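# Secondary and tertiary structure notes
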Amino acid sequence: MRAGELRDAFSSFWAERGHEVRASASLIPHESSLLFTVAGMVPFMPYFLGSEVPPTRRMVTIQKCVRAGGKHNDLDDIGRTNRHFTFFEMMGNFSFGDYFKAEAIPWAWEFVTDVLGLERDKLWVTVHVSDDEAAEIWQTKVGVPAERIQRLDKDNWWAAGDVGPCGPCSEIFYDIGPDHGPDGGPAHGGEDRFVEIWNLVFMQFAADGTGEMTPLDAPGIDTGAGLERILAVLQGVPAAWDIDLFAPLLAEAERICSKTYGTDPETDVSMRIFADHARTTAMLISDGVFPSNEDRGYVLRRIIRRAVRHAWVLGVDEVVMPRLVDIVVDVMGDHYTDLIANRQFIADVVAREEERFRTTLATGQKILDEATAGLEGADAANPESASPESANTEAADTVLDGEVAFLLHDTHGFPVEVTEEILTERGLSLDRDGFEAAMERQRERARAGRSGGPTFADERYREILAQFGPTQFVRDTPAVSPARVLAVFEIAQDDEHDGDDDLVEVFLDRTPFYAESGGQIGDVGTISGTDGSIEVLDCTYALADLHRHIGRVHGEGIEAGSLVSAEIDDGRRAAIRRNHTGTHILHWALREVLGDHVKQAGSLVAPDRLRFDFSHYEGVDRAQLREIERVANAEIITNGRCRHYETSMNHAQAIGAIAFFGDKYGDVVRVLEAGEHSTELCGGTHVAALGDIGHLRIVSESSIGSNMRRIEAVTGLATVERLADAEDTLDSLAEMLNAQPDEIASAVQRRLDETKELRRQVRDLQRTMASSRAAELAATAEDGVVVADLGDLERDALRDLAASVRDHGGIRAVVLASAPAAGGVALVAAVDPAGDLSAGDLLRDAARTVGGGFGAKGDPPLVVAGGRNPDGIGDALAQARVAALGA
Ligand code: SER
């Protein structure tokens, strides 16, 4: 039976017994207490614990599992045992509070004996020391002889981690024969002889991490049957490395090592490591784990490096991992089809990682060679050759300084295990304490310097860049592009986006989103995955060449590793394009009209407008602005072609390209030739031909500092809208003036002349009226004092009136008040300069009463005061009267 047939047989057997067939879950578990999916039950932990209700109570899966790092760590055993793998497939049938031991045990037996056809008398079982019930079922219900049922303690207890569901288990073993180890059953016999092929966990408890266990409400069944181990038994090979799944990988490993598998035990280990690590690497990358310096990414990095180190030690110079992962895709792709879709990507990721690590190894080796040149190594092949005395007295000469190993590790990324390995080969050793001490000092420095040093985020960005290279900007193709998610980070609350807890930053391998630079703002749009999406609100550079999409999560969001569709708001981008090329044309036109001293000092290119700051020594007057506009638009309507291309800096300079403010340029630059005349360096996005810009319209010109001007302008539809608005205003003005739009100016002039004439007439009339009024008021004098409220007479007229009343014979004082239509209160006091009254005294209280005052210097005969409160006029005048006449 081959792998594919076994998978099918297992799924069908349980489907016939009412189990829903589920595809494997990701190797990245939802359960955050675990590094990887280490067993078939991991995706179902909440169902066992009762924290989630399962959609159905019986399921069957063939689950991808990785055990490397963390509690379930098989990494160090790989290659040296017959059946430990970092990646393996675990077949499992599950009952969530449904059937239990009485069904699970006989069914397991039925599958193993009837479907797989394994001989009954070669099968052994183990049960937990406490589990009489299971032992009883095996013996009486299934018929396994008592002497082939053994009881174990810890080995028959299973838990995914310190926290989570756990319980006693019962395992089935296959005896592959006396050639492979001593007798005595799984409890006492040889490990290689009694092969565990089936583990039935009776999930009964929930562990809380402190050693406390609570019984589960609904105990269930979790079966783990290792696909590779069963295949080894079925295919009659003592080591699981010899099954069909590994054959093509080991064949490639033979080509890599130029050796035949099975001829040299040490090379065999390396070959197995190639095969195993390539599988794990391909499966992890396909599920979205990438080599990095943090948790699961770090485990993956170690796995890749371990394989590369073996190749390197074997003297293999060419890059091996891409070759190996390619074969993993061939072998596993028919069942795990996402591998096929990810083939190239997986190869790219491992190639980059391997190349980087090989550079590290080469540099480290050189430094190590120099550092060990002075040391007297013992003969590695013959350690006894060093005399006992020299071992004691000259020990220092065979020990490498820990600081050197630290430098190798810290500055060159050269793993300390590799240093040790090389030293051992040369009969030397490492001052491990010195190394650890240097590490500790480094940690302290890092702690002390944390506030000023590069932030965690910066490191993560650098890591992504190192890992995947620059974001590929999809510049010329449509607004939507398939992409792979490289990383998704939550944006911390205390960042600039305070209060918005659903914001994330997303990194893609390629993107149609322009990242804000060179004045052009970032694109907005959507990144859509299968179960959710990101509404992209902005796109900026996290680092040069690394696009960071900042957005809001919708639905389940998106996951690192997944394939998504990235789509920008194309209409908005089109408007940005018009404004960006428009900016170039405006720049050119400014230099045409104002002179070559005009230099760009900054710009903003947004969808609704463009802003251009430039050096110029004076304001640009209206006529110049119209000329600039005319020159720019005349250029636009030539509809000249825009050519945007990459070239060398030298060539760009040779053709006289103008460098845009604020951009950084390398040896390769991007040049925009916009029509016949404008040639600039620019990385932005641009129209194909000038006519696409539409009508460019300057909307403002202002000063932003000495010799620095700013112009704002619009293009395309924004101009159309602006002009339409202006025309609407003119139309409504014409209507108000009862004129044709083109007669507005003369109509307005006519009305202005008319107004002027009317004003003059009003003034004359007021004067005439005032003099007759003065006579009337003088006639009302009481003891030579006139006090009166003049309604809404304006201030100047009120003052004139007061003066002319006073000039009538026998008048000692005049106090007048009014509330002019323009607002407020006017008060005037005028006294006979020869008399004994003071104008200021007359108004002092009165002015306060109307909420005002006056500021007359000295004691003039006429004082004008103002106030805010017309309601106080009556009282104010009464106070003035008292001041003039006495109470
Ligand atoms: N969880 C158990 C194991 O991994 C059975 O699936 O062995």
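Our subject is the structure listed above.
Criteria and thresholds
Residues numbered from 1 in each chain as written. Predicted model: local features only at pLDDT ≥ 70, side-chain atom pairs only at ≥ 80, totals over all residues. Heavy atoms only, no water. Helix = DSSP H or I, 4+ residues; strand = E, 2+ residues; numbered from the N terminus. Buried < 20%, exposed > 50% of the residue type's maximum accessible area, 1.4 Å probe, protein only. Core = buried A, V, L, I, M, F, W, Y, C linked by side-chain atoms within 4.5 Å. 1 Å grid on protein atoms, 1.4 Å probe; cavity = no way out; pocket = protein on both sides within 12 Å on 5 of 7 lines; lining within 4 Å. Points joined across faces, edges and corners; volume = space filled by probe spheres on them. Pairing = 2+ DSSP bridges.

### Overview of unusual backbone geometry
Backbone geometry places Asp 545, a non-glycine residue, at a positive phi of 75°. Within the fold, Asp 545 resides in the loop between β17 (532-543) and β18 (546-555). Here the phi dihedral of Asn 639 falls at roughly 55°; this positive angle occurs in a residue that is not glycine. As for its placement among the helices and strands, Asn 639 is situated in the loop between α19 (622-636) and β22 (642-648). Classification of Asn 639 by relative accessible area gives partly exposed; the value is 42%.

### Quick word on the nonpolar core
In a soluble, globular protein the nonpolar side chains are often hidden away together inside. Counting residues in each nonpolar core, the largest one holds 150 residues, and the members touching the most others are Met 41, Trp 138, Ile 197 and Trp 198. Among the elements that take part in this core, helix α8 (residues 265-286) stands out by supplying 10 residues, more than any other. Core analysis: the second largest hydrophobic core is formed by 26 residues, Phe 614, Leu 625, Val 631 and Ile 636 among them.

### As for empty space enclosed by the protein
For the coordinates displayed, the defined rule picks out two cavities of 30 Å³ or more. Taken as a whole, the largest cavity spans an internal volume of roughly 30 Å³. Arg 812, Val 831, Asp 832, Gly 835, Asp 836 and Leu 837 together form the lining of the largest cavity. If you trace the second largest cavity, you find it lined by Arg 83, Ile 176, Val 195, Arg 229, Ala 232, Val 233, Val 237 and Pro 238. Looking at the lining of the second largest cavity element by element, the count peaks at three residues for helix α6 (residues 227-234).

### Some points on the pairing of strand β29 (residues 825-831)
For β29, the tally of buried residues reaches seven of seven residues, placing the bulk of the element in the interior. Residue alternation in β29 divides its side chains into two sets, Val 825, Leu 827, Ala 829 and Val 831 and Ala 826, Val 828 and Ala 830, and both sets are buried. Pairing of strand β28 (residues 813-818) with β29 involves six bridges; the strand directions are antiparallel. Note that in β29 the partner of Leu 816 across the bridge is Val 828. Between β28 and β29, which pair antiparallel and follow one another directly, the connecting turn spans six residues, one of which, Gly 823, has a positive phi of 115°.

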